[in-house]
Amino acid sequence: MFVKKNLLKSTKLKPNTTYSVTFDFGIATNVSSGLIGGGGAPGESVYVKAGVTTQEPKSQINKDGFYLMNIDKGNQAKDGKHSLLLGNLAKLKSDDDRYELKTFTNKNRPFIVKTNAKGDLWLHIGTDSGYESETSIYIPHINVKIREIKL
């Protein structure tokens, strides 16, 4: 699952310009740590990722009938060319079924990305899951900082 946002109309990014992009967002999760499930744990095996690309992130069906993203998000616990692993959905404080807000950031590993000829960028935040059952999350806030890098 993922959410995406195109920045072309909402920002005035320069064409063919390099930017540093950092994310700071929260996910409300109700999954305790230490649980087991099909394919992996419902908390520790549901990986949270964020990224930036000039190509619109889309889901598409592969030859085996599975939905995959059209960008390189990496695979589960691994980074991809267009996504960074920022953590997982396991709660940190409680082991009941109430939702807990968990914060994710890439401030120590900013994305370095160059806009295309139109000045276009796409942001995406999502999960990459080994867990083979239902997952529900809420994303109450997303903050993105974009800073031009002078080369």
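To be clear, the structure that these remarks concern was listed above.
Given the structure is predicted, the values throughout are model-derived calculations rather than measurements.

Caption draft 1: Broad picture of the nonpolar core. Among the nonpolar cores identified, the biggest contains 21 residues, and V21, F23, F25 and V52 are the most heavily contacted of them. Those elements that place two or more of their residues in this core are β2 (18–29), β3 (46–53), β6 (84–88), β8 (111–114) and β9 (122–129). Sort the elements by how many residues they give to this core and β2 lands first, with five residues. With residues up to four places along the chain from it excluded, the contact list for V21 reads V52, N106, P110, F111, V113, L123, V144, K145 and I146.

Caption draft 2: The pattern of salt bridges, seen in detail. Applying the stated criterion across every chain, the model contains eleven salt bridges. Note that K73 and D128 form a salt bridge whose closest N and O atoms lie 3.0 Å from each other. With K73 in the loop between β5 (67–69) and β6 and D128 in strand β9, this pair connects stretches of sequence that are 55 residues apart. On the accessibility criterion, K73 (17% relative accessible area) is buried. On the basis of relative accessible area, D128 is assigned to the buried category, the value being 8%. A single network of salt bridges, built from pairs that share partners, joins K4, E56 and K58.

How each quantity is defined
- Residues numbered from 1 in each chain as written.
- Predicted model: local features only at pLDDT ≥ 70, side-chain atom pairs only at ≥ 80, totals over all residues.
- Heavy atoms only, no water.
- Core = buried A, V, L, I, M, F, W, Y, C linked by side-chain atoms within 4.5 Å.
- Buried < 20%, exposed > 50% of the residue type's maximum accessible area, 1.4 Å probe, protein only.
- Helix = DSSP H or I, 4+ residues; strand = E, 2+ residues; numbered from the N terminus.
- Contact = heavy atoms within 4.5 Å.
- Salt bridge = Lys/Arg side-chain N within 4 Å of Asp/Glu carboxyl O.

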